[in-house]
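Listed here are the chains, written in short residue letters.
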Amino acid sequence: MAKDKADIKRMIGELKALDTDRMYLNDFFHTWKESDDEIAAVFKVAEILRGLRENNISAKVFDSGLGISIFRDNSTRTRFSFASACNLLGLEVQDLDEKVSQIAHGETVRETANMVSFMADVIGIRDDMYIGKGHTYMKTVADAVDQGYKDGILEQRPTLVNLQCDIDHPTQSMADMLHVINYFGGVENLKGKKIAMTWAYSPSYGKPLSVPQGIIGLFTRFGMDVVLAHPEGYDVMGDVEEIAAANAKKSGGSYRKVSSMEEAFKDADIVYPKSWAPFAVMEERTKLVGEGRFDELKDLEKRCLENNAKFKDWTCTEELMKTTKDGKALYMHCLPADITGLSCKEGEVDESVFSRYLDPLYKEASFKPYIIAAMIFLAKFKDPSSKLQSLLDEAKPRIK
Amino acid sequence: MAKDKADIKRMIGELKALDTDRMYLNDFFHTWKESDDEIAAVFKVAEILRGLRENNISAKVFDSGLGISIFRDNSTRTRFSFASACNLLGLEVQDLDEKVSQIAHGETVRETANMVSFMADVIGIRDDMYIGKGHTYMKTVADAVDQGYKDGILEQRPTLVNLQCDIDHPTQSMADMLHVINYFGGVENLKGKKIAMTWAYSPSYGKPLSVPQGIIGLFTRFGMDVVLAHPEGYDVMGDVEEIAAANAKKSGGSYRKVSSMEEAFKDADIVYPKSWAPFAVMEERTKLVGEGRFDELKDLEKRCLENNAKFKDWTCTEELMKTTKDGKALYMHCLPADITGLSCKEGEVDESVFSRYLDPLYKEASFKPYIIAAMIFLAKFKDPSSKLQSLLDEAKPRIK
Amino acid sequence: MAKDKADIKRMIGELKALDTDRMYLNDFFHTWKESDDEIAAVFKVAEILRGLRENNISAKVFDSGLGISIFRDNSTRTRFSFASACNLLGLEVQDLDEKVSQIAHGETVRETANMVSFMADVIGIRDDMYIGKGHTYMKTVADAVDQGYKDGILEQRPTLVNLQCDIDHPTQSMADMLHVINYFGGVENLKGKKIAMTWAYSPSYGKPLSVPQGIIGLFTRFGMDVVLAHPEGYDVMGDVEEIAAANAKKSGGSYRKVSSMEEAFKDADIVYPKSWAPFAVMEERTKLVGEGRFDELKDLEKRCLENNAKFKDWTCTEELMKTTKDGKALYMHCLPADITGLSCKEGEVDESVFSRYLDPLYKEASFKPYIIAAMIFLAKFKDPSSKLQSLLDEAKPRIK
């Protein structure tokens, strides 16, 4: 499965054909803001970087420089993916712990963004908990450092990488898609494949919507039959659904909403059952937090959990899996999953299903560091294919 | 504004003329313990390192090695400045979180200092909250590792960089001064320029004195007209005032104390309005904390805030700014500032004044990483100009 | 004392003669699981790496890569030793703070281990507080990443280094032994030397047993006269005692247990007086914690401290030191020690004794970063002597 140098050379050639000019010195917010060439380039660069590493070739393009991480929500896997990506390219991670200034005024954000960025080449932010907040915060940071760069305060323009906002989770959805591309042996094999992105029951509350939104916003670009299923009231953002529909139309695929897991799973090639909170609940929550109405917040949580509990039958069972294409759909999850009988009494998926897919699930996750590294790479080099070719030619060993 | 290679070459030549021998394998505690040549060398090396980076030339002189940071008080901008400086030179930051051993016995400090320093090339410490403690602690650490080096326990002598103590804040005052030098187009243009270092009202309590002390202790060395103003009872340390007076005499400038912002601001070229706690309050506070008398501490805070509130008219208004030289004095602050109507109801400065100076303020802060890197550099290389020349000649790219 | 290049060359030659094949792509759990050649190789590589650094020669064999640290117990010196070792070899430390998942299910451990290891070359773990837990946890992590590597999920196999478990503390005992080897001028001089590993009183409770176990499990391999002494009820694990006895038999030394410090110290060449909790108490504690019986835990602590207090005369006094070989036994401790009259009222050792041995104690600790680096090195290179020789030949400076 590992690529050899000839494969890498070929992929660099393919990258050359893609127009990535607009990515240079730019940020990565949502996949749907990127052109098809740009999306393809991220996949290509990710695969090339992986190929280089597999061949023990250094991809350290930075001699020094910082990668700033801001996690406004707990994170282990995204934290390590970002750290791995930065390290691969030669950047040192410095974490900015600014929980205390969560509700900080815009002007303060601008100041802090500049203060930490004098030697920063990239800023990775995760801020996914509050509807209408995460993306706005990221935009404020990105605008601040862009202005700082233009005003001559920053000697370089730090690139912002969205490590999950309230709207999209592009490093997740793109790692997921690269996994799918590899699993099915190429992007050309995805046309007509059915993916079921479905809600699933979880005993926890308030899981972000950006994963299902990221999936329907990206997977609809590849001619696939994308089906979203959730109980009544668990709608995702309408804007993203519109994007998904438009994508599907353009790519020759389809986007549909159905009202049961059964219908979604039927003959699916891929299933992605995962819990999320209803958009309306997340909106109310954001409002209550913003106004400091914490008593009502507890009440909201209670109501939300009670409502969730009505849909415990939305769970990925062996029986459901049997109804998928040849009973062998690819099971996907962003992890960690709520596994019935293992991590909780009743959850998103049967233990036996989950266990059978451990290797593919870990493989799925393994693409994330490379996706992040590719996003950084494409923002930093005007001619990425030449730069990658010179890394391949130089062939400096990662381990001596 | 960015330097080209010829500028860098010229600056290296100027550095060569300065005597920096005593800085080699030494520490940086207070600016007034350094000779004029040594102070000039820090500025020169800082500018050269900045020039190299602007020209995408690596200044990574360390292949491996640690930079230990000890922050005994919260910090964002100094933390990132230190991290940036270490990264620029090739050192990896390791933070020692020893809040728990705050009141640790001297012997324990000695032990810990050695234990963390086996591969440490620099130790940066911020300990500014307790009068008579911060500097003492730093000295204990520096003596410990110096002894460890002499006894053959440490293979290298870690350099101590004072990231703010109870007496001086040299990385701040020197970044401030380098900003001023650049702003006025050269150190030769500073003679006779008036700077107003004044107290200003803040709704918070117990801000360290090391900033105003650092400013009057350093700026008086450049033939400037340095004016300190504060309400009655807000005196800074007498020792530092004596140093300021002696500096002024030697440099052909002046050091004066006046009793109003109005008098200080009149025709000033530079204004630096900033809050601090009275020395006597800080002394009492240190005593109470040391003796665990926390109830009285709360009372002290209350009294101090009440006293502060008597001087709410000590604030940098548009009206005051108009009285400065041509109404256009350079406004300075170490950040974050308490901005009236933005970050607080009544604070150190009007929002409109602050907003007008955003770019210069950020620029001011941008010198700190380079000042810190210069301090490290001068402690590590016996012949700094040759080393910098070889970096320039080698011209290894920071970004490939 | 520092080695020159000829010394290093000679040591590389000696390393060549040792069989280290089994260490390649393997983990380091307990010293007694390693062959004599393997133990000797760790010492040799540690000394060579130290020699390289003393000669300002870079040992950076990794161009990029992460070193994951997991500290399930507080740590300063081991944390910095691990960070130093990783940095020396070119790995960047990323700390995984998973206190929250302390009692996590095995499957979760497996998942997390893989998720953080996509670009990890080494995982260092400290988990020493719970009998029967620490080693088990490490083994679960090591098995998980080994499986991940075999399944093609991880591109490299992260090596696990035991930074202290409930059974052994190999980086401590090996640093201690390398100190002893240097102190006595060579491993060949250790035959017949008497070491007293004794319990000592401390006002704190629940210190791990892995230090005394590590010492008797390792020092018995060198033909030494190893004597363990502790009050009744403070037994260490029987399994480790059996290993010590077998080691002693094989190496031509001896392993004995005596019931007083006096008997142990008599004519000893080395003394290692140190507190630990009784094995039975640690077992009960693990049980109570596991079952969430925290009230009983407090009671256990109280009883344990009361019992400790019966043995306050188990302390390393000047009088006792006089009874050792020529009154000049080498005093050892893993630090920090409980020093009578300095860090506590009554503790493990007299202040005057401790103070006299400061330099040797710090020297003892200074070997740990190199021991850890050697363990990593031997797991990563199939032909370590060739790799070290090429580092010596290349002679890339650590500081330019």
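Points about the interface of chain B and chain C
Now for step 1: Contact with chain B, which involves 25 residues of that partner, is made by 29 residues of chain C.
Now for step 2: Those elements that provide at least two residues to the side of chain B that touches chain C are β2 (92-95) and α4 (106-115) of chain B.
Now for step 3: Considering every element that reaches the side of chain B that touches chain C, the biggest residue donor is α4(B), with 6 residues.
Now for step 4: Across the side of chain B that touches chain C, the residue classes tally to 8 nonpolar, 9 polar and 8 charged.

A look at the relation of the copies chain B and chain C
Now for step 1: The transform that puts chain B on chain C rotates by 120 degrees and translates by 0.0 Å along the axis, for an RMSD of 0.0 Å. Seen this way, the second copy is the image of the first under a three-fold rotation axis. Of the C-alpha atoms belonging to chain B, the one lying closest to the rotation axis is found on B:Glu92, 4.7 Å away.
Now for step 2: Taken together, the interface assignments show that only 4% of the residues at the interface of chain B recur at the interface of chain C, consistent with different surfaces on the two copies.

Topic: the interface of chain B and chain A
Now for step 1: Residue-level contacts link 29 residues of chain B with 25 residues of chain A.
Now for step 2: Those elements that provide at least two residues to the side of chain B that touches chain A are α2 (36-54), α3 (77-89) and α14 (358-366) of chain B.
Now for step 3: A per-element tally of the side of chain B that touches chain A places α3(B) first, with 6 residues.
Now for step 4: Looking at side-chain class alone, the side of chain B that touches chain A contains 12 nonpolar, 7 polar and 10 charged residues.

Section: the relation of the copies chain B and chain A
Now for step 1: In the superposition of chain B on chain A (RMSD 0.0 Å, axial shift 0.0 Å), the rotation amounts to 120 degrees.
Now for step 2: Here only 3% of the contact residues of chain B are again contact residues in chain A; the copies associate through non-equivalent surfaces.

Quick notes on the domain arrangement of chain A
Reports often express the size of an interface as the amount of accessible area lost when the parts come together.
Residues and elements named next belong to chain A.
Now for step 1: Under the domain assignment, chain A is made up of domain 1 (5-167 + 367-394) and domain 2 (172-364).
Now for step 2: Using C-alpha coordinates to define each centre, domain 1 is positioned 26 Å away from domain 2.
Now for step 3: Each side of the interface is counted separately: domain 1 has 21 residues, and domain 2 has 22 residues.
Now for step 4: Looking at the side of domain 1 that touches domain 2, the elements that each hand over two or more residues are α2 (36-54) and α15 (368-380).
Now for step 5: At 5 residues, α2 tops the list of elements feeding residues into the side of domain 1 that touches domain 2.
Now for step 6: Of the residues assigned to the side of domain 1 that touches domain 2, the class counts are 12 nonpolar, 3 polar and 6 charged.

Focus: the sheet that holds strand β4 (residues 159-162) of chain B
Residue and element names in this part refer to chain B.
Now for step 1: Overall, parallel pairing links the 4 strands, which are arranged β2-β1-β3-β4 in an open sheet. Edge positions in the open sheet fall to β2 and β4, since each of these has one partner strand only. Looking at each pair of strands side by side, their axes are set apart by 25 degrees on average, direction ignored.
Now for step 2: Summarising the sheet, strand β1 (residues 66-71) and β2 pair through 4 bridges and their orientation is parallel. When the bridges of β2 are listed, Gly67 appears paired with Val93.

Basis of the calculations
- Residues numbered from 1 in each chain as written.
- Chains lettered and ligands numbered in written order.
- Predicted model: local features only at pLDDT ≥ 70, side-chain atom pairs only at ≥ 80, totals over all residues.
- Contact = placed C-beta atoms within 7 Å.
- Helix = DSSP H or I, 4+ residues; strand = E, 2+ residues; numbered from the N terminus.
- Nonpolar A, V, L, I, M, F, W, Y, C, P; charged D, E, K, R; others polar.
- Least-squares fit on C-alpha atoms with pLDDT ≥ 70 in both.
- Domains from an automatic or database assignment.
- Pairing = 2+ DSSP bridges.
- Axes fitted to C-alpha atoms, helices over the stretch in contact; angles between N-to-C directions.

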